Protein chains: 2
Amino acid sequence: MEILTIETSNKTYPVYLGQDALALLPGYLKEKYRSARSILIITDESVGALYLQRLKNVLADIEKELHVSVVPSGEKAKTFDVYYSCLTQALEFGLNRKSLILALGGGAVGDLAGFVAATYMRGIPFFQIPTTILAHDSAVGGKVAINHEAGKNMIGAFHQPEAVFFDLDFIASLPLKEVRSGFAEIIKEALIVDPEFYSWLTAGIQSLEHVDMQQLAYAIKMGIGVKGAIVKQDEMENGVRAYLNFGHTLGHAIENSLGYGSITHGEGVMIGMVFALKLSIRYSGLNFNLTTFINWVDALGYKTKIPSKLNADDLLAAMKKDKKTTGRDITFVLLDQVGKPVIKTLNDDEVLTEMLPMFENKR
Amino acid sequence: MEILTIETSNKTYPVYLGQDALALLPGYLKEKYRSARSILIITDESVGALYLQRLKNVLADIEKELHVSVVPSGEKAKTFDVYYSCLTQALEFGLNRKSLILALGGGAVGDLAGFVAATYMRGIPFFQIPTTILAHDSAVGGKVAINHEAGKNMIGAFHQPEAVFFDLDFIASLPLKEVRSGFAEIIKEALIVDPEFYSWLTAGIQSLEHVDMQQLAYAIKMGIGVKGAIVKQDEMENGVRAYLNFGHTLGHAIENSLGYGSITHGEGVMIGMVFALKLSIRYSGLNFNLTTFINWVDALGYKTKIPSKLNADDLLAAMKKDKKTTGRDITFVLLDQVGKPVIKTLNDDEVLTEMLPMFENKR
C-alpha cells in the first residue's frame, strides 16, 4: 500500500493507493469522523452495479446511517438536474454539516459528488473513491464541477476531499478503452514535469493490453505525485496548475464537437497532445522526435489525427469558448523541453497552419 | 469615510463605509483589477429601479464591458432557477475567470450574486454594494447561498468579497420597516459581544424614525466590527461564528412558518432574541431586565410576541429542521451575560415551557 500526501494551502490529505485500499476506509471514518452520523454514497448506474455492494459490505460495521444516490453514467451525471436531485436527496436523507459524502466512480461522479459536497450547507466533507485510471487525476486536487449547456465544467468549486482511497482492484477489471483514456493523462503528467518518468514510460509500456499491476501502480503513483506537486504550488489555478491543461485545449474542443461520450477524454487529450507537441516544436523551440512519439502511442492504440468529420473553424471556435482562454487569441500550454511547460498565446493563422495537416484523410 | 478591514485566513478586504462610498469604486476597480475586461452587475427589480442608473453613471468611465442581470426582489432572487439564469447570462455575456460581479442590493441579492461568483468557473471575484442596513451583516463574512424548497440557505459556499462599498446615501431613503429589520441585527451584535455598545444603543436610540445619519453610521460601523471580529476567529462557522445565530433559531422558524416576505428578517429575529433572552435567564443564569428590553424595542416598533396564527408544534419542527441543529434536541445560542454567548442544547419540554407564554393572545 502506498500512502501519498497532497498538500494545499488549507488542507493536507492522504491518498491510499493499492490493492484493497478500500479496506482502510471504515477504520479511517470511524477514527476521524466520529461525529458524522450519516454518509451519502454517490455513484453511477454502471459503477453502482459493479461495486456498490462491495462498498456497502466494507462499511457494514461502520455504525453510521448509509444512504445512496445513484446517478446516470458518464457526463450525464454532471447536469444541473442531477446536481439538484442529489441535493434534494441529501436533504431528504437528513444529512447535516457533519455528514460525509463518498464519491464512488470515475471522474464524472467525483466531479458531481464533490460539487454537491462543496455546496451542500456551504460545504461538507467528502471522499474520493476512484474506480478508473483517469480519475487518478480528477480525484486529487479538489477541482469539482458540473456542466452547463454552454460548456463543460463551467459551474464548480475548489473543494478538496478529506482523503482518496484508490483501490487497484477496481482498475484490474477496467475495459481497455478506459485504461487508454486514463493512461493519456499519465503520459501528460510525465511530459510536463518529469523527463525521467517519461523515459520510463516509453521504455516500459509497449502495450496497454499487457500492463502488469505493478507497472500500473507505479505509473499511477508517479502521476498523482506530479498532480500533487502542482496543486501544492497552485491550488486555485492562478499559475502553474494551468500546465495540467497540456493537450486539453484541442482535446476538449474535439470532445465537445463530437459530443461527449463519442470519444473518451484521454483519447481526445492524446490528439490534443500531439497537436501541442507540434506547436511546441514550431513555436517554442522544443527538440522532440514527434514521429517516435506518434509511433509509440499508435502502438498503445491511440488515434493521433483529428477525426475527418470535424472541421477546423468549429474547433477554433470551440477552443476560444473554452474557459482557459481569456482573449481573442488562443492560449496553449506548450513545452520548451520535456518537463518545461510554458504558456503561449497563438493567433488563428498560427493555430490553423499546424492544425490543418492533422486531420484524418476523408474517405 | 470609514475604512474597516475584514480579515479571514485567506483574505483581507476593506469595507468602505460612508456617504458617497460608491465614488471610490471606479478607482478601486481600475487600479486593482486591470485585467478584468467585463463586469456583471446583479441587482433586483426594486433596487435596480432606484439605483442601477446611479451605479452605471459612477462606472461610466471604467473602460470595461458592463452587463446587468436583474433578478426578482426579496427571497425570490434565491431560487435555483434564478441562480441558473444568472449563470447562463454570465456565459452569454462572455464573462471569464477574470471578470467581476457586483452585487447591488440587499441581503438576498448579495447571497445570490455571491453564490454565482463562488461557482462560476469555480469562483470569480465579487464586490458587495449593500443598499440596506440589514445587509451590513450579510455583505461581510462571505456566507453566500441560495434556497432549496426544503429550506433556506441550504445550498451555498464561503466566498469572501473583494471589497464592500457601503454607501450610506442608499440607507438615507430606506423605508422604516427596512431600517427596523436591519437594526435588529445591530442589537444582536451588541448583545452577543459588546456590553458597552449595547448600553450606547439603549441610551441613544429611542426611535427608529429619527435616527440621525451619524448615529446610524456609528451603529453600522460597530455592527460590522463585531461581525468582522467573529469572522476573523472562525470563517467557516466551526465555532464562535455560530454565536451570530443568536435569535435566529426561532426567528428563522417564524419567517419560514409565516412564509418569507410576510415578516422581515429582523422582525423575526427580534422575536427570536426575546425568546433567546428568556431561555438565557432561565437556563443560562443571565442577569437581565427583560421587561426593560421589551419596552425599549417595543418603542422602536418591534413585535416581541409570536404571531397567534402560528403554533408551537410547527415552530418546534421548523427549528429542528434548521441546519444549525444536528441532533434531536434543539441547539440555541444563549447568553451567560451580555457579551458572553454560549451554545446550549434544550429538549422539547424546556423549549415549550418558555415558548408557550410568548404567543400573542388570539383575538
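About the cut-offs
- Residues numbered from 1 in each chain as written.
- Chains lettered and ligands numbered in written order.
- Predicted model: local features only at pLDDT ≥ 70, side-chain atom pairs only at ≥ 80, totals over all residues.
- Heavy atoms only, no water.
- Helix = DSSP H or I, 4+ residues; strand = E, 2+ residues; numbered from the N terminus.
- Buried < 20%, exposed > 50% of the residue type's maximum accessible area, 1.4 Å probe, protein only.
- Axes fitted to C-alpha atoms, helices over the stretch in contact; angles between N-to-C directions.
- Parallel < 35°, antiparallel > 145°, perpendicular 65-115°, else oblique.
- Contact = heavy atoms within 4.5 Å.
- Nonpolar A, V, L, I, M, F, W, Y, C, P; charged D, E, K, R; others polar.
- Patch = residues over 30% accessible without salt bridge, like charges linked within 9 Å, V, L, I, M, F, W, Y side chains within 5 Å.
- Areas by Shrake-Rupley, 256 points an atom, 1.4 Å probe, with all protein chains shown as cover.
- Salt bridge = Lys/Arg side-chain N within 4 Å of Asp/Glu carboxyl O.
- Pairing = 2+ DSSP bridges.
- Domains from an automatic or database assignment.
- Buried area = accessible area lost by both parts, 1.4 Å probe.

### Remarks on the side chain of Gln128(B)
Then comes step 1: Along the chain, Gln128(B) turns up in strand β6 (residues 126–130).
Then comes step 2: What makes Gln128(B) buried here is its relative accessible area of 5%.

### A closer look at the packing of helix α11 (residues 265–283) of chain B against helix α12 (residues 290–299) of chain B
All names here are of chain B.
Then comes step 1: Across the interface, α11 lies against α12 with an axial gap of 11 Å and an inter-helix angle of 175°. Classified by the angle between their axes, α11 and α12 sit roughly antiparallel to one another. Residues Met-270, Val-274, Leu-277, Lys-278 and Ile-281 of α11 pack against Leu-290, Phe-293, Ile-294 and Val-297 of α12.
Then comes step 2: Counted by class, the contact of α11 with α12 contains eight nonpolar, no polar and one charged residues.

### So, a nonpolar patch on the surface
Residue and element names in this part refer to chain A.
Then comes step 1: Together, Met-1, Ile-3 and Leu-24 make up an exposed nonpolar region whose accessible area comes to about 300 Å².
Then comes step 2: Of note, Ile-3 is situated in strand β1 (residues 2–7).
Then comes step 3: Judged by its relative accessible area of 53%, Ile-3 is exposed.

### Considerations on the sheet that holds strand β4 (residues 65–71) of chain A
Sheet strands associate in pairs through backbone hydrogen bonding, adopting either a parallel or an antiparallel arrangement.
All names here are of chain A.
Then comes step 1: The strand order across the open sheet built from seven strands is β1-β2-β9-β6-β5-β3-β4, with neighbouring strands paired in mixed fashion. A strand with exactly one partner marks an edge of an open sheet, and here the two such strands are β1 and β4. Strand-to-strand twist in this sheet, taken as the mean axis angle between neighbours without regard to direction, amounts to 20°.
Then comes step 2: Sheet topology note: the strand β2 (residues 12–18)/strand β9 (residues 163–167) ladder contains four bridges and is parallel. The partner of Tyr-16 across the bridge, within β9, is Phe-165.

### Examining the domain arrangement of chain A
Residues and elements named next belong to chain A.
Then comes step 1: Taken domain by domain, chain A holds domain 1 (2–172) and domain 2 (176–358).
Then comes step 2: Using only C-alpha atoms to locate each centre, domain 1 and domain 2 end up separated by 26 Å.
Then comes step 3: Between domain 1 and domain 2, the residue contacts involve 31 residues of the former and 30 residues of the latter.
Then comes step 4: With both sides pooled, the region where domain 1 packs onto domain 2 buries about 2,700 Å², and carbon together with sulfur makes up 67% of that total.
Then comes step 5: If you sort the residues of domain 1 by the area they bury against domain 2, Ile-133, Leu-134 and His-136 come out on top, with a joint share of 23%.
Then comes step 6: The interface formed by domain 1 and domain 2 holds four salt bridges in total.
Then comes step 7: Glu-7 is the salt-bridge partner of Lys-232, the closest N and O atoms lying 3.5 Å from each other.

### Focus on the sheet that holds strand β5 (residues 100–105) of chain B
Residues and elements named next belong to chain B.
Then comes step 1: Taken in spatial order, the seven strands line up as β1-β2-β9-β6-β5-β3-β4 in an open sheet, and their pairing is mixed. Strand pairing shows two members of the sheet lacking a second neighbour, β1 (2–7) and β4 (65–71), which therefore form its edges. When strand polarity is set aside, the average angle formed by the axes of neighbouring strands in this sheet is 20°.
Then comes step 2: With respect to the sheet, helix α2 (residues 45–58) is in contact with β3 (38–44), β4, β5, β6 and β9 (163–167), its orientation differing from that of β3 by roughly 145°.
Then comes step 3: Contacts between helix α9 (residues 213–233) and the sheet are confined to β1, β2 (12–18) and β9, with β1 contributing the most and set at about 15° to the helix.

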